[in-house]
Structures are given as structure tokens and as C-alpha cells.
Amino acid sequence: MASSKRSEAMDFAEKLVAAANHDGVRVTELREGWSTEQVIFEHLATARQKPIKIVQETQATFCKSLADYYAFPARITMGRIMRAYLDQNNITQLELMFNVGHLRTLDRMDQFFPSAMQHGAQLQAKLTGQKKIDRLDKLQTVFEKVLNRARKSDDLIVYGDALGKHSLDHVIDLIEQEYDSKQVDRVVCGALANHLEGTNWREKLNRAVSLAEGTHDDRGLQFADELIAEILDGVAVIDEVFGGFQTAINAWKTYMQIVSGRLDKVPSYMSPDLPRLSALFAQHNLPATRQVFMSRIARGLASTQAISGDAREENRIAFVELVRELIEPTGLSGGPAMAEAVVLRTKTLLGEDGADLPIETAIRQALYLMPSQAGRLGVLLDLTPTGVGQKYDGVIRQQLLHLLNQLHTIFDLFPSDIQEDERLIGLEQLRDRLGMSVLHDDLRSSLSDSLVRLREAQNESGDDQVPEPSQSNQPEILVPSEKQVDGQRILSAGEVLFEEGDTGEEAYFILDGQLEISRKYGNKKQKLATVGKGEIVGEMSLIDSQPRMASAHAVERTTLLCISSSSLRGRMDKLAGDDQVLHFLIKTLVRRLRGLARNTE
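In this report, we go over the structure that sits alongside the text.

What counts, and at which threshold
Counting restarts for each chain, with residues numbered from 1 along the sequence as it is written. Given that this is a predicted model, residues contribute local features only at a pLDDT of at least 70 and side-chain atom pairs are listed and counted only at 80 or more, while totals for whole chains, interfaces and linings are drawn from all residues. With hydrogens and water set aside, each side-chain value is computed from the structure's full complement of heavy atoms. Three labels apply to residues, based on accessible area from a 1.4 Å probe with only protein chains included: buried if under 20% of the type maximum, exposed if over 50%, partly exposed otherwise in between. Starting at the N terminus, helices and strands are each numbered in turn, a helix being any DSSP run of H or I of at least four residues and a strand any DSSP run of E of at least two. Only C-alpha atoms enter the line fits that serve as axes; for helices the fit covers just the stretch in contact. Angles between N-to-C directions range over 0 to 180 degrees. Roughly parallel here means an angle under 35 degrees, roughly antiparallel means over 145, roughly perpendicular means 65 to 115, and every remaining angle is called oblique. By definition, turning the near helix anticlockwise from the far helix through less than a right angle yields a left-handed crossing, and turning it clockwise yields a right-handed one. Contact between two residues is taken to exist if any of their heavy atoms lie within 4.5 Å; hydrogens are not considered. Counted as a polar contact is a pair of N or O atoms within 3.5 Å, where, for protein atoms, one must be capable of donating a hydrogen and the other of accepting one, and residues adjacent in sequence contribute only when both atoms are in side chains. Each reported salt bridge corresponds to a side-chain nitrogen of Lys or Arg within 4 Å of a carboxyl oxygen of Asp or Glu.

**Considering unusual backbone geometry**
Although it is not a glycine, Asn-90 adopts a positive phi angle of roughly 60 degrees. The exposure class of Asn-90 is partly exposed, given its relative accessible area of 24%.

Now the structure itself:
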């Protein structure tokens, strides 16, 4: 059958599918300016289709109105539940909602679609406190309304075509002139769905990125960002757009390069649009797409899949390096899900001899990976609403109180070399995290008061004043002189070389003088040793890529020879080639020393 109206063609296809007399039904479309026809609907007989199952989701957004079901948060949730169908048919959830053929096909699937509706109703019931059967009735009503709207969406095709010739900003302006304000968002979504229809995943990404590059309005950028996020949230897209990944760490590092704006070129098997997307991240905030990437990393970390290979040590090093890339001034990129995932992976990877760490130790160890108190506070706040945070509320509370007791000036939160405006922004970010946390009122109030006090003190003091050392049981923190000549470093008496929990980038050979090594136990400092000329300190962090397990400060004027991370690792690699037994023995001793230190906490 040939028709000049899409709705007529889709109605006829629907009848053919219902009759079940054909092996398959396909609807193609050829518009003005197109060189070839595009498939906009395809249905194969059930016997030829592979059985598919829904994906169990744990979170959803409550939809108060029909318009909310077209919004991005609801589309992401529905898309994840019905991922198998979407990937099988090469469409996004957005396209599905405007495609009557696919909607009717779903309605006829006697196992998959009812399961999806049941699961959606269950999620909605948890949010509202209503009975599941009531929410199921509501979802069925919503589906019928979405189906009816899809039947009457021929008028949206013109806007989809316009997106191929004009900017998204221009098309939004046209829609706003023609439609009531309450209908604008849905019509824009319909235009975007038509713009993507009939294309593969690479072309969908290409079109979405082009829309983002051409927009100069925040509203248009939001639509484009959500469109890119929805495309990249799929499973099939990984193989088609990224060409697949050999290891999880390769995937996660690529995602981090994209969101940090550092991916400037890709291998030939990857989509050439990925560097363009990375360039967009360098210019704009794309929160929806960023969250999709962070969610992928968090889900992977929280699972049991290997990070970089079969070797446990290889996985440990890759994990610590990844966390360093995820670190933000006030926590971890990815929020609560990432904080929980890092703790869970710390639990299984950073124990000794293949054993899991106790969860209390895993939380502390994860905090040690953060380079500042602001980062540790952010991670603790993010943990509170998670499953780990709720189950181990007492541990989180203890750590928060311990950290709270150490906050006397803003310099206790942020390193002294951070600029004033960055510290103030960091305080606001911590207050935002506090607002999203799940804490008892007394602790929330104490933390809020502390952050307000620190901000007021910062405003009063300005940025030129040298911070007073914190009067607490912690070792006095002095600003390093950073006097380094020809690979040497000279410390004055009392000067701190490194702090427990810091990232280790160098080891040090003592040429002259003495260092005191200490650890923190609660609010007290315990001296572990005094080391002098001819000894090496800080080597453990370079060997196993974990944070410093102790602090070191100069007892007297001390001269050090700095050994870089690359230099020591080069020597370790050479040793692995010359004497694998000795190489393994050194790493085993380091692991056991760390385990002994943890067990004495």
C-alpha cells in the first residue's frame, strides 16, 4: 500500500499486524530531500522474534500529569525498563512515544508489556503510597492517551523536517508561535522524535550533537542534552557508537575523557561525533548526558565485574586511578550512586589476601582516597541516602562528627592554595549536598551552622590573610615551602611532608635530618617511628597506588631526594622482568603492612 499520509500507512500496518497472516510488516517513508527511504516501523511475527524481558529499575520520578510522562526523567526510567524492545528495534523511548505502530505492537505483547506496566506501577506505588492496582489503572489510561496522540501526530513531521534545515532554537520559536504554552514541550519532543526516526545509533548521535552545537539558548541546549543522554543510555549504542570495549576501565576512562572535554580524537572504529560531544562538554554544562555516563560507571563499580583484567593487583591499581579522575573539590562526580559504588568496590578490592574489608573500614578507606576534608565531607553526605548509608547510619554519623570536630577555618576544608572564589563555590556545593542528604536534624543543623560560619569567616578575613593553624588534636598543618633544587626538597623543622590519606606522587630518600611518622586514631595522633639519613619514606603509595597510610613531618631541618612515581614504577617494572619472585614479594609485603595498619585501627 502507498499513502501520502503517515497515519493511514500506520493504520494499515496495524491491521496487517493484527491479522497475523504475514511473516512481517514494514512501513517506510520517503520525504522531500531524502535520497532513500527510511524504515519507520517494522514488526516480525512472534515466532521469529527472540523472547525479551524487562529490566528491573529501582528508582522513578512521580508523574503528576500527562505532560510529565513526555519529560526526560520519565522517559529515562521507561526506556531502561523496556531497553530490550528499544534496542531490538533501534529506537529511543522518545521515538517510541510518537510511533503508533510500535505502541500497538507493545500493547499486543502478552508477556513483555504487561510486565513493564506492572513494574512501572510498582515503582509509582512506592512513591505515592497508593495501591499497585490503582497505579496500574492510571498507567493504562496514560498509555491510551499517548497512543491516541501518536495517531494524530502527522502535523509534527514538518517540525522534524525543519530541524534538518534550521537550528533547534528556530524550530522552538516556530512551535511557540503555533501552540499553547502547555503543549510546547510535547510538540518539541515530537519534532525531535521525527528528526531521529529511521536512523541508526550513529546517525542519531550525529543529529543530536549537531542540534546541540547549533543552539545558543539554554532551553534548546537542555532539549539537545536530554536527547543525547537518551541515545547514549542504550545498550546497543555501546557497540555501534563506541565499537565496544575490551575492559570496563577502558570504557570508564573514555567516558571521563568525554565529560571532562579531553577527548580530541578517537580510533576509526568509534563514532567521529564523540570528540564533538567532548568539545561541547568543554563549552557547556550537559547535566543529563553527564549523569548517564556517571551512572554507567557507578553501576559497573557496584557490580562484581572485573575492572581491567583477571589479576587482582591490576584491578586495584586501575580502581584507585579511576577514583582520582572522579574526584571533585567537594566529593565524587556522579553523586550518591558513585559514592556508594566506590565504597562497595573499596570493600572488595582493597582488602588483603583476597578478603573483603569490613564495611566500616571500607568507608574510612574510601574517604582516604579523597585529597581534602571537603571531598570527604561531600562523599559522606552523598552516602547518607544510599543503601549503604541507610544500613550503616551509625558509621556515617560517627565519621561526620569526627570531621565536624576538625573544622575551625575554611582552610581545614580546602587546601590553602585554592582561590577564594573556588572555596566559596565549594561551600555552596557542600550546602547543596547537605540539602540532598538524609541526616538527623541535630547533625544536619550542626553541619549547616559550620558551613555558614566558615563562609562568614571567609568573607570577613578576605583572601590575603594567612590562616591560623587549627587548634585540635590533629598534627599542625603548615604550608610546605616547596623548596626543591635538582630533585631535592628541603623541609624546615615542623614542616609537613605529607598527610595520611593524601595521594602519593613521590617517595623520598633522606639525605640529612629526621622525619617523624604518625597516624591518627580518632582525635589523637600516635607516633609510629622516627626515621633518618639513608632511609626511604612514602614508597608504599607508589608501589600500590593507594593513599598515604601515615603522616610525615620534619623533626629538624631535613634534606630529601625526591623519587618520582614514574621513576619508581619503572624500576619495579624492570624488577618484574628480572626477578618476578622478588617483585611479587615486595608487593605482598606492602599489602600486608597496610592490612596490619588497618587491623590496629
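**Some details on the side chain of Glu-197**
Mapped onto the elements of the fold, Glu-197 is located in the loop between helix H11 (181-196) and helix H12 (201-214). On the accessibility criterion, Glu-197 (7% relative accessible area) is buried.

**Examining the packing of helix H17 (residues 287-302) against helix H19 (residues 335-349)**
Following both chains from N to C, one finds H17 and H19 inclined at 25 degrees, their axes separated by 8 Å at the closest point. In terms of axis orientation, H17 runs roughly parallel to H19. Here the hand of the crossing between H17 and H19 comes out left-handed. Residues Met-294, Ile-297, Ala-298, Gly-300, Leu-301 and Ala-302 of H17 form the contact with H19, whose participating residues are Ala-337, Met-338, Ala-341, Val-342, Leu-344 and Arg-345.

**Describing the environment of Asp-185**
On the secondary structure map, Asp-185 appears in helix H11. The contacts of Asp-185, once residues within four sequence positions are left out, are Arg-219 and Phe-223. Side chain to side chain, Asp-185 and Arg-219 meet in a polar contact 2.5 Å long.

**Here we look at helix H16 (residues 273-283)**
Three or more residues of H16 are buried, namely Asp-273, Leu-274, Pro-275, Leu-277, Ser-278, Leu-280 and Phe-281. In this fold, the buried residues of H16 make contact with H12, helix H13 (218-232), helix H14 (236-242), helix H15 (248-259) and H17.

**Description of the pattern of salt bridges**
Per the counting criterion, the structure on display carries 18 salt bridges. Here Arg-276 makes a salt bridge to Glu-213, at a shortest N to O gap of 2.5 Å. Taken together, the residues span a long stretch of sequence, with Arg-276 in helix H16 and Glu-213 in helix H12 at a distance of 63 residues. Residue class for Arg-276 comes out partly exposed when judged on its relative accessible area of 22%. Residue classification places Glu-213 among the partly exposed positions, given a relative accessible area of 37%. Among the ionic pairs, Glu-428 bridges to Arg-431, the shortest N-O distance being 3.8 Å. Of this pair, Glu-428 and Arg-431 both sit in helix H24 (residues 420-436), three residues apart, roughly one helical turn. Exposure remark for Glu-428: the relative accessible area of 31% places this residue in the partly exposed category.

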